Amino acid sequence: MREMVKMVIVLTVLSSLSGGLLAALKNNTQDRIDSQVLTFVKGPAIENILEGANNDPVNDRFSLKVEGEEEERNFFVGVYDGNPKAVAFETRASGYGGDMGVMVAFNVESEEIMGVSVTTHNETPGVGATVETDTNFKNQFAGLPADAEPRVKGDGGSINAMSGATITSRAVCKAVSRATDLYQQLQSQIKDKVKTFTG
Amino acid sequence: MAKTIGQEFVKGLWEEIPPFRLVLGLCPTLAVTKSVENGIGMGLATTFVLVCANLLVSILSGIIPSKIRIACFIIIIATFVTVVELMMQAYAYQLFQNLGIFIPLIVVNCIVLGRAEAFASKNKVIPSFADGLGIGVGFTLSLTAISAVRECLGNGTLLGYSIFGPAFEPFSFMVEAPGAFICLGLLLCIMNLVGQK
């Protein structure tokens, strides 16, 4: 009996100490980790689609509360020739290998999609994973109106799917549709916020 | 113990060097040694976990009941692994991206649990520290050696710097999984040849 009690005490104390230590460490490193993720995961995608911006879109960001979501979303602003006209944000959709993150940029003046770029994915290497580099596929989204709901040709839309990777292509379309929905929903708030950034 | 602190440290560098002599921890050895940078990063992460786990296990060995010792060791090891994971995410994110799943997998690296069980739980704090450091440094050296051969032949670079010039056709087989086995086997063969004398 005494041995039993001792085992329970030792394990409980050890686990609580470990849990406490890790929780404290997690709290202290959270901000730094977030900024690392911004730089290394989202940063390249943002720079890719907001190419030519005079500011640093990764730093010039604001966040907005979206209805039905707990955490605020980040919006990245691109300033061109002193004119803040581009905004980019990330939406997610389910691809062939799970969750996929797509960064979509909008031109707030002409109400068009400026470009899309994939941030995180688990697609099959050599097939769906080519979405990272396939600019022909991604360029099809540029210039679509900001309320478009793009679909691949097989689903009655106008987007040419990447060969052999229909599910991945569909996921990108889905994520872009979610982005246009969100853009329509938050349009006025986004426009107000974007104006406050100047080159 | 007949061995001195120095001997405890040095044995990890040749006599019991992992993964060649203690044939443990092969999974990270084979998987992450595609480039020297990854090899060194993985080695250092494992060294940190080994040293800390050995220290704590030897301090607590009087308190931990023997029936649940493995569970306690795993808690200790997992804690340090998570520390490494968080720190790496915060300060060396690219390395973290390269090593990926293999950082959390240090928890189940047999070298770490093996040293805790076979050495630290039966020895005093200072020899345990020396043992952990020795094995860790040995592991780092091994990974560096394997990854240097693989990166050189497979990619024509060393730590990212080109060494054979642009005319070199990379022997890409070496950075694939079979190349890891062959490289490990050849290095072990060389070690045995040298050791026979």
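Refer to the structure presented above.
**Topic: the layout of surface pockets**
Residues and elements named next belong to chain A.
Next up, step 1: Here the largest pocket defines a volume of roughly 640 Å³.
Next up, step 2: For the largest pocket, the lining is made up of 18 residues, of which Lys42, Glu71, Glu72, Asn74 and Glu90 are closest to its centre.
Next up, step 3: If one sorts the elements of the lining of the largest pocket by residue count, helix H1 (residues 2-49) sits on top with seven residues.
Next up, step 4: Partitioned by chemical class, the residues of the lining of the largest pocket number four nonpolar, four polar and ten charged.
Next up, step 5: For the second largest pocket, the calculated volume is near 240 Å³.
Next up, step 6: Along the walls of the second largest pocket sit 13 residues, with Val41, Pro44, Val118, Thr119 and Glu132 positioned nearest its centre.
Next up, step 7: Of all elements in the fold, only H1 and strand S5 (112-118) reach the threshold of two or more residues within the lining of the second largest pocket.
Next up, step 8: Counting residues per element, the lining of the second largest pocket draws most heavily on H1, at five residues.
Next up, step 9: Here the lining of the second largest pocket is built from residues that sort into five nonpolar, six polar and two charged.

**With respect to helix H8 (residues 177-196) of chain B**
All names here are of chain B.
Next up, step 1: In a regular helix each residue adds 1.5 Å, so 20 residues correspond to 28 Å; H8 covers 29 Å between its end C-alpha atoms and thus fits that length.
Next up, step 2: Looking only at H8, the buried set comprises Gly179, Ala180, Cys183, Leu184, Leu187 and Met191. Across the axial projection of H8, the buried residues extend over an arc of 130°, all falling on one side. Away from its buried face by more than 90 degrees, H8 exposes Phe181, Leu186, Leu193 and Gln196.
Next up, step 3: Looking at the packing, one finds that the buried side of H8 touches helix H2 (26-32) and helix H7 (125-155).

About the criteria used
- Residues numbered from 1 in each chain as written.
- Chains lettered and ligands numbered in written order.
- Predicted model: local features only at pLDDT ≥ 70, side-chain atom pairs only at ≥ 80, totals over all residues.
- Heavy atoms only, no water.
- 1 Å grid on protein atoms, 1.4 Å probe; cavity = no way out; pocket = protein on both sides within 12 Å on 5 of 7 lines; lining within 4 Å.
- Points joined across faces, edges and corners; volume = space filled by probe spheres on them.
- Helix = DSSP H or I, 4+ residues; strand = E, 2+ residues; numbered from the N terminus.
- Nonpolar A, V, L, I, M, F, W, Y, C, P; charged D, E, K, R; others polar.
- Expected span 1.5 Å × (residues − 1).
- Buried < 20%, exposed > 50% of the residue type's maximum accessible area, 1.4 Å probe, protein only.
- Arc of directions from axis to C-beta.
- Contact = heavy atoms within 4.5 Å.

Read these as spatial facts, not as claims about activity.
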